[in-house]
Amino acid sequence: MTSNWFKNRQRKKLPSEQAKVLYDEALFIICKSTDRMFALLLSLEWIAGILCSIIVSPKAWSGTQSNVHIHVYAAVFLGAVIVSFPIFLALFHPGKIYTRHIIGAAQMLMAALFIHLLGGRIEAHFLIFGSLAFLAFYRDWPVLLSASLIIVTDHLFRGLYWPQSIFGFANTDSWRWLEHGVWVLFEDIFLIYSCIQGKMELRAVATKQADLAQAKDRLEESQALAHLGSFELDTATNKLNWSSELFKIFGISSHEFHGTFKAFLQFVHPEDRTVIIENHKKAMQTKQPFHMQTRIIRKDGLTRICESNITVLVNEENKPVRIVGTVQDITERLESEQIIRSQQAQIVASSKLSSLGEMAGSIAHEINTPLGAITLSNRYLETILKKDVLDKAAAFKLIDSIAKTCERISKTVGSLRSFARDGSKDPISEIKVQQLIDDTLGLCSERFKNRGVKLEVINHLDQNQTIGCRSTELVQVFVNLLNNAIDAIDAIDDKWVKIELSDQDLGIRFIFTDSGPGIPIEVRRKIFEPFFTTKGAGIGTGLGLSISKDIIESHHGKMSIDDTCVNTRFVLWLPKEHQLEKKVS
């Protein structure tokens, strides 16, 4: 999928290239529409020229007589010759460069014909200036130059050889054409500037359109990579618009979707439709954004899980006008998370086994010692029972000793079983903090004795203080911290570990301090990274602190190193009441 995305990305034009294409297309459309306009204008001018030749021209040239004049034939046939080819080009070759230059020449020739038909009247010359203004619609200033050249050339030759045709007088100054040419040039200056300015504005619009198109492409590409689509629902018309990625998520094409909220519900899993309808009504009433997970059934029959974030937009009167949001296909993500959780559980189990291996000798001693005591008590009890006179008091004392010893073994085995099993799926429950400490010490106290480490517990909490947690996971964290402390201070003379419990900020603070000299700064930066360890080869997995931090954070707590303490100190904070995150299947 990624490789295809890069291939598609390479095929797309760069913004500058796309802007040039849009600019050329817009200019072509303008030129094409202007060509069609001139096709109509030239046709009308031809008809108007014929009318002028019939009505105005004979009187202008022959006094009060109004008869058919040769100018009528000039208007009909010469006008037809002038306009026919440009009209043909405008209809069949619109937008071409040569088309607009030929049209510009024809327009100037028609203006010259009108000046002749009107007897060189001064008002007839205004048609030249109007024609140049119309030609400026092309926004192509070279057209103005070619048209101006033609009309100035016409004025030059007719001014020299037929001045009455253009100026209305048989005798006039030979430089009169130059005066008219200067006025044409004067207008050209402003029209050329307007053409250049118009092209600049057109190019700026094209650049903005290219940027918007690129932003849209990037949005669609991002949505495709994230399997994230967007939608917009008009509450007044109930019209629902989807992004292209949303059609892919639902496995349909745009023409297969009717674009309504009701049509959308047809793709929702029947068990989830009621929830969506209720959330929709609630959103319309409260105008508050909301989040939900729903199942959809694609056209191909596959069931997918989608996550939606929805916002209600209101008008000035605080009435809902649109509902917008995003929909993301999270099916693969949930499956990946499930795999990760399974792998994490295996890693946790591995870490537990490693901890059990480290404690194996101490646990064996914790069980063997009371078992030895039971054996001795049992033999002594057997001796008492064999005597002629039964010493009941001594017998009951031995029996009581055996019972307490068995209880001690049972407690140790229970703590061991609880520690060894997978507690990640246990529900959050209220556990006494003291019970957590007792379970932890039941696994570690013998190891402290064997290694000559003094252990002190300072509990500032009420004996009945509880905390919402998964007890098995927290005991694992505490055991890991204590085992690390024992290993860290094994080589020093003054060996001690202190556990302090206190109430702080709606939670419980657990402080584990040992007599070690602290953790170097370069180690502190990596100490919570998976597989990082300062122990020797083959000792530990390097996962203990990483897993411990994950467990504390999964309980919405915090775990850190107190770098202000001269000794090694880990600080844990856990909320008293743990709120489970609600999950929608």
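Residues numbered from 1 in each chain as written. Predicted model: local features only at pLDDT ≥ 70, side-chain atom pairs only at ≥ 80, totals over all residues. Heavy atoms only, no water.

Draft legend 1. Up close: the sheet that holds strand E9 (residues 496-504). A sheet is described by the order of its strands in space; here five strands give the open sequence E7-E9-E10-E12-E11, paired in mixed fashion. Both edges of this open sheet fall to strand E7 (454-459) and strand E11 (558-561), since each of them pairs with a single strand only. Taking the axes of each pair of neighbouring strands and ignoring which way they run, one obtains an average angle of 15 degrees across the sheet. Here eight bridges tie E9 to strand E10 (residues 507-514), and the two strands are oriented antiparallel to one another. Residue pairing for E10: Ile499 is matched across the bridge by Phe512. Seen against the sheet, helix H15 (residues 433-450) touches E7, E9 and E10 and runs at an angle of roughly 175 degrees to E7. (Pairing = 2+ DSSP bridges. Helix = DSSP H or I, 4+ residues; strand = E, 2+ residues; numbered from the N terminus. Axes fitted to C-alpha atoms, helices over the stretch in contact; angles between N-to-C directions. Contact = heavy atoms within 4.5 Å.)

Draft legend 2. Representation of the confidence of the model for the protein chain in the model. For the protein chain, per-residue confidence averages 80 on the pLDDT scale, and residues scoring 70 or more make up 78% of the total. Within the protein chain, no element has a lower average pLDDT than helix H1 (residues 2-11), which sits at 44, and none a higher one than E10, at 93. Within the model, pLDDT remains below 50 along residues 1-11, and this stretch shows eight contacts once partners closer than five positions in the same chain are excluded. Here residues 59-63 is modelled with pLDDT under 50, and outside its nearest four sequence neighbours on either side it reaches 11 contacts, counting other chains as well. (pLDDT = per-residue confidence, 0-100.)

Draft legend 3. Fine view of the pattern of salt bridges. Scanning all chains against the criterion turns up 21 salt bridges. Glu317 serves as the salt-bridge partner of Lys319, at 3.8 Å between the closest nitrogen and oxygen. Exposure remark for Glu317: the relative accessible area of 59% places this residue in the exposed category. One salt bridge connects Lys549 with Glu553, and the closest N-O pair in it is separated by 2.5 Å. Taken together, the residues Lys549 and Glu553, both in helix H18 (residues 544-554) and four residues apart, mark about one turn of the helix. (Salt bridge = Lys/Arg side-chain N within 4 Å of Asp/Glu carboxyl O. Buried < 20%, exposed > 50% of the residue type's maximum accessible area, 1.4 Å probe, protein only.)

Draft legend 4. Summary view of unusual backbone geometry. Even without being a glycine, Asn238 presents a positive backbone phi close to 60 degrees. Note that Asn238 resides in the loop between strand E1 (228-234) and strand E2 (239-242). You can call Asn238 partly exposed: its relative accessible area is 34%. Non-glycine residue Asn318 carries a positive phi angle of around 60 degrees. One can find Asn318 in the loop between strand E4 (303-314) and strand E5 (320-329).

Draft legend 5. Region of interest: a nonpolar patch on the surface. On the surface, a nonpolar cluster with roughly 580 Å² of combined accessible area is contributed by Leu40, Leu44, Ile47, Leu51, Ile54 and Ile55. In this structure, Ile54 sits in helix H2 (residues 15-55). Overall, Ile54 belongs to the partly exposed group, its relative accessible area being 45%. (Patch = residues over 30% accessible without salt bridge, like charges linked within 9 Å, V, L, I, M, F, W, Y side chains within 5 Å. Areas by Shrake-Rupley, 256 points an atom, 1.4 Å probe, with all protein chains shown as cover.)

Draft legend 6. Region of interest: the nonpolar core. Of all hydrophobic cores here, the largest spans 42 residues; its most connected members are Met108, Met110, Ile128, Leu132, Leu135, Tyr138 and Leu144. It is helix H5 (residues 97-117) that contributes the most residues to this core, 10 residues altogether. (Core = buried A, V, L, I, M, F, W, Y, C linked by side-chain atoms within 4.5 Å.)

Draft legend 7. Structural view of the packing of aromatic side chains. This structure, assessed with the given rule, holds 16 aromatic pairs. Ring plane angle 65 degrees and centroid distance 6.1 Å describe the contact between Phe250 and Phe264, whose orientation is recorded as edge-to-face. Taken together, the residues Phe250 in helix H10 (residues 244-250) and Phe264 in helix H11 (residues 261-265) connect sequence positions 14 residues apart. Between Phe250 and Phe267, the ring centres sit 5.8 Å apart and the planes meet at 85 degrees, which makes this aromatic pair edge-to-face. Linking Phe250 in helix H10 with Phe267 in the loop between H11 and helix H12 (270-286), this pair joins segments that are 17 residues apart in sequence. Relative accessible area serves as the criterion here: at 2%, Phe250 is assigned to the buried category. A connected cluster of aromatic rings, assembled from ring pairs, spans Trp242, Phe247, Phe250, Phe257, Phe261, Phe264 and Phe267. One cation-aromatic arrangement involves Arg203 over Tyr23; the distance from NZ or CZ to the ring centre is 4.3 Å. (Phe/Tyr/Trp six-rings, centres within 6.5 Å; stacked < 30°, edge-to-face > 60°. Lys NZ or Arg CZ within 6 Å of the ring centre and 35° of its normal.)

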